[in-house]
Amino acid sequence: MRIRYLLNAGLLLLMAGLFGTAVVLNRNHFTSANANVEIAFERELRLQVRHLRKELEQQEDELFARAEQPLILDEASSVADFPEHFLILPNGVVPACTAGLAETVSDKEAKEAFRSGLAALPDKAALPHFKTAAQLKVKTADDLYRKIGAWFNVLEFERDVRSVCCLLTLIHQSSPALTESQRLFFNDMLGAQVPNLEQIAAWLKQQEATAERIDQYLTRQKGAYRTTINERTLSVREDGRAVLYPPRLETAPPVELIRSADETAGMEIAPGLYATIPKATVAEAQRNIRRQYRTGNTIMALMALLGAGLLAGMAASAQRRQKLNALRTQFIATVSHELRTPLSLIRLHAETLHHGRIPPEKVAEYHQTILTESERLSGIVNNVLDFSRMERGKLTINLETVNLSDCTGQIIESFASRFETEGFKVEQRIKPDIISRTDPLAFSQILFNLLDNAIKYSDGTKIIEIGLDVSKGWNILTVADQGIGIPDKLKKHIFDEFTRSDDSKVTARRGSGIGLNVAQRLAEKMGGTIEVADNRPKGTVFTVRLKEGNETTGG
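Because the structure is a prediction, the values reported are computed rather than measured.

Chemist: Even after reading the chapter, I still don't get the overall build of the protein, so can you show me in this structure?
Modeler: Looking only at helices and strands, the protein has 16 helices and 15 strands in total. Relative to its 555 residues, the protein shows a buried fraction of 40%. Partitioning the intrachain contacts of the protein with sequence separation of at least 6 by distance along the chain shows that 68% fall at a separation of at least 24. Counting only carbon and sulfur atoms, one obtains 54% of the accessible surface of the protein, whose full area is about 31300 Å².

Chemist: Mind showing me how you'd approach the sheet that holds strand β7 (residues 267-270) here?
Modeler: To summarise the sheet geometry, strands pair through backbone hydrogen bonds and adopt either a parallel or an antiparallel arrangement. An order of β6-β8-β7 is seen for the three strands of this open sheet, with the pairing classed as antiparallel. At either end of the open sheet lies a strand with only one pairing partner, and these are β6 (256-259) and β7. Averaged over all pairs of adjacent strands, the angle between their axes in this sheet comes to 40°, without regard to strand direction. As defined by bridge partners, β6 adjoins strand β8 (residues 273-276) across four bridges and the pair is classed as antiparallel. Bridged to Glu-256 within β8 is Thr-276.

Chemist: Looking at this structure, I do not really get unusual backbone geometry. What am I missing?
Modeler: Phi is mostly negative for residues that are not glycine, and the peptide bonds are mostly trans. A cis amide bond links Leu-121 to the next residue, Pro-122, at an omega of 0°. Here Pro-122 lies in the loop between α2 (107-120) and α3 (127-133). For Glu-231, which is not glycine, the phi torsion reads 65° and is therefore positive. Residue classification places Glu-231 among the exposed residues on the basis of a relative accessible area of 55%. With phi around 55°, Asp-433 is a residue other than glycine that occupies positive phi space. Along the chain, Asp-433 falls in the loop between β10 (425-430) and β11 (435-438).

Chemist: When you look at the environment of Asn-453 in this model, what are you seeing that I'm missing?
Modeler: Inspection of the secondary structure puts Asn-453 in helix α13 (residues 440-456). As a C-alpha pair, Asn-453 and Asp-481 span 28 residues in sequence and 9.2 Å in three-dimensional space.

Chemist: Just checking my understanding: could you explain the sheet that holds strand β2 (residues 92-95) for this structure?
Modeler: Across the sheet, which stays open at both edges, the five strands sit in the order β2-β1-β5-β4-β3 with antiparallel pairing between neighbours. In this open sheet, the two strands that pair with only one neighbour each are β2 and β3 (225-229). The mean angle between the axes of side-by-side strands here comes to 30°, regardless of whether they run parallel or antiparallel. Two elements, strand β1 (residues 84-89) and β2, share four bridges in a ladder whose sense is antiparallel. Following the sheet pairing, Leu-89 is matched in β2 by Gly-92.

Chemist: Which parts of the structure should I look at to understand the environment of Asn-297?
Modeler: You can see Asn-297 is positioned in helix α8 (residues 279-316). With relative accessibility at 22%, the residue Asn-297 sits in the partly exposed group. In the structure, Asn-297 is positioned 273 residues away from Val-24 in sequence and 10.0 Å away in space, judged by C-alpha atoms.

Scoring rules and cut-offs
Residues numbered from 1 in each chain as written. Predicted model: local features only at pLDDT ≥ 70, side-chain atom pairs only at ≥ 80, totals over all residues. Heavy atoms only, no water. Helix = DSSP H or I, 4+ residues; strand = E, 2+ residues; numbered from the N terminus. Buried < 20%, exposed > 50% of the residue type's maximum accessible area, 1.4 Å probe, protein only. Contact = heavy atoms within 4.5 Å. Areas by Shrake-Rupley, 256 points an atom, 1.4 Å probe, with all protein chains shown as cover. Pairing = 2+ DSSP bridges. Axes fitted to C-alpha atoms, helices over the stretch in contact; angles between N-to-C directions.

Structure representation (structure tokens):
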């Protein structure tokens, strides 16, 4: 006894030392984490900003690359899909699609090019001549006719939206202007060649209006630069080419994108567009650290109290109680482990849903997981509560008229998500509309324990057979699996409390050792029996027999 006392005192001092050390370490961790939270957020912000800037440059490179590609009429699904390209000129901004109207060729050169083009028809070699003729500097109405004619010939060879835009500009906005009849003639001629002319004309008008707005905002600074126009980014290259677009950027929490004129709003991605981490997010992170610190201290205090209580219990226990205490300690640890798993899953999924970190299509899946683990947690808790009531002789059976077939089906349905997740095939042979005087809660707990065991101890072939029938005044429930089975020497003790096999295949799985004991006691309280037998070719069969006209056999 003296040695045991000294051992207990030594253990108590050791636990006190460990508790004190843990408190100091927890405090140091809290201080460090609280000081580093802003540094960690700043590091994350800079990392994402580098990525966002690179992504923005890639978007612009793709848009400018599209400007070099032909906009073929026959392939264009919709001109609305074309990027908004512009050309910054000293005297104004024009849509890039009309940049081909530059006047760089004299009257003589244009006439010679036009004649050469006509002579080369219908060969494609005529195209470069007509392109040269199309650059004629217009001074008279005849010049305008030749320029329009040259562009029509270019359109014959190159079915490009840019050619259509140049022709529309010449027909409707040229100086000297065409007469109304001339405009109608050329417009009808162009419409005959371009089926979606009205759509292109509307798009060109929109581009010209946008070019006017850009001209109002533009600073015309030298070199390549970006600016913001109506919450869209205008990127200008050194050669005067420009593209107007809404940036398509996505950030990962906790970083957010904001539009602001305040240069201190965050780190700049483009003019007026900043990446930032909201102050509320930082504050929430610091609050979480404080909560974790307090929770850690609370848990350590509870652990210290629990440890002190266990030591006191060990000191007060007689030697005849040592084995039972060891069994109960193992039981507590096992049940705690079983409770922790569903609780952890429920908390993890609930926090994820709360913070909105999952796509909408995954929400139903997360809700189902929470429901499944809640039902599993309820089964574990009910086992513990029923076992406790039985130990104290306080368990009460309340019989009522129950449709056992429906009740069985509902319990199986509650396992559906778990069956699917763990890859089980369930075969049911349930006779419909079996009516019995039974305690539905007790019956549900029995079937829960049998199905839970069948899932736990199944390897390889994952098939569970569930049967419900009536025979000679008995309602007979069977649950058969093709799992690891039960050794013959253990079968006669399998319904004893805290009984588990020493086989590694069994100890590797969670189990409190009271599930089958609770199932047997509940069956007997309802005047029934439960038996175990080998399944063929492998596995186990549990058979529960309940009288059709049941009466409670005890309080």
